[in-house]
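Tertiary structure, described
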Amino acid sequence: MKLVVFVLLGAVALAGLLGALALQLRYVLTGRHLKVTLFGLCLRRIRLADIDSVSKRRAHRAEKWCNTLKPAHRILVIRRRRGWFKDFIITPKNRYVFKAELEQALAKLKPAAEDPGFHPN
């Protein structure tokens, strides 16, 4: 009986810890990447050149990086050109502001990609 109680308490503590860590996820836009960070450490990085589109339409099969317990009105779906899961879901605090910033970064990247001397690495 004691073992069952300790296992349940351990499961609750682990779930609480994982939930607390998820609330610390941040999304950072750099000149070339969209990064998902935890306490400043990069956990996931997507090249801006690999992003096909950005929308708020929900995807069923996607890589999810949520940083809230209620993601309903914060979902932003980033469609990639390559990868096993083409849709990448994030939940920034202000999704329309983040979407505008991401689209501006993509617009800055497009003229460089159209330049004949451009060589992506």
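Please refer to the structure placed before this passage.
Heads up: these notes are all about the structure in this document. Remember, predicted model here, so these are calculated numbers, not experimental data.

Reading the values: the criteria
For every chain, the first residue of its written sequence is number 1, and the numbers climb from 1 along that sequence. Confidence filtering applies because this is a predicted model: local features only for residues at pLDDT of at least 70, side-chain atom pairs given and counted only at 80 or more, and all residues used for totals across whole chains, interfaces and linings. Note that water and hydrogens are dropped before the side-chain values are worked out from all heavy atoms of the structure. Patches here are clusters of residues that have more than 30% relative accessible area and form no salt bridge, with a 9 Å joining cutoff for like charges and a 5 Å cutoff for nonpolar side chains (Val, Leu, Ile, Met, Phe, Trp, Tyr). Only the protein chains shown count as cover for residues, and the accessible areas themselves come from Shrake-Rupley with a 1.4 Å probe. Salt bridges are defined by distance alone: a side-chain nitrogen of Lys or Arg within 4 Å of a carboxyl oxygen of Asp or Glu. Secondary structure elements are defined from DSSP: runs of H or I of at least 4 residues count as helices, runs of E of at least 2 residues count as strands, and each element is numbered from the N terminus. The nonpolar core is taken to be a set of buried Ala, Val, Leu, Ile, Met, Phe, Trp, Tyr and Cys residues, with the residues joined through side-chain atoms within 4.5 Å. Categorising residues by exposure relies on relative accessible area from a 1.4 Å probe, with only protein chains included: less than 20% of the type maximum marks a residue as buried, more than 50% marks it as exposed, and the intermediate range marks it as partly exposed. Whether two residues are in contact is decided by their heavy atoms, any of which lying within 4.5 Å being enough. Pairing between strands is defined by DSSP: at least two bridges between the two strands are required. Between N-to-C directions, angles cover 0 to 180 degrees, with each direction set by a line fitted to C-alpha atoms, over the stretch in contact for helices.

**Regarding a nonpolar patch on the surface**
A cluster of nonpolar residues, Leu14, Leu17, Leu18, Leu21 and Phe39, forms a patch on the protein surface that exposes about 500 Å² of accessible area. With respect to the secondary-structure elements, Leu21 resides in helix H1 (residues 2-22).

**As for the nonpolar core**
Core analysis: the largest hydrophobic core is formed by 19 residues, its most contacted members being Leu34, Leu48, Ile51, Phe88 and Ile90. Contributing elements (two or more residues each) for this core: strand E1 (25-29), strand E2 (33-38), strand E4 (51-55), strand E6 (76-80), strand E7 (87-90) and helix H2 (95-114). Ranked by residues supplied to this core, first place goes to H2 with five residues. Ignoring sequence-local partners within four residues, the contact set of Ile51 consists of Ile46, Ile78, Arg79, Arg80, Arg81, Leu102 and Leu106.

**Looking at the environment of Ile90**
For Ile90, the position within the fold is in strand E7. Its relative accessible area of 0% is what places Ile90 among the buried residues. Once the C-alpha coordinates of Ile90 and Lys64 are considered, the two residues, 26 residues apart in sequence, prove to be 6.3 Å apart. Those residues in contact with Ile90 that sit more than four places away from it in its chain are Tyr27, Leu34, Trp65, Arg74, Ile75, Leu76, Ile78 and Phe98.

**A look at the sheet that holds E4**
Strand order in the open sheet formed by four strands is E4-E6-E7-E5, and the pairing between neighbours is mixed. A single partner strand is all that each edge strand has here, and the edge strands are E4 and strand E5 (62-65). Here the average twist between neighbouring strands, direction ignored, is 20 degrees. Pairing geometry for E4 and E6, over four bridges, is antiparallel. If you follow Ile51 over to E6, its bridge partner there is Arg80.

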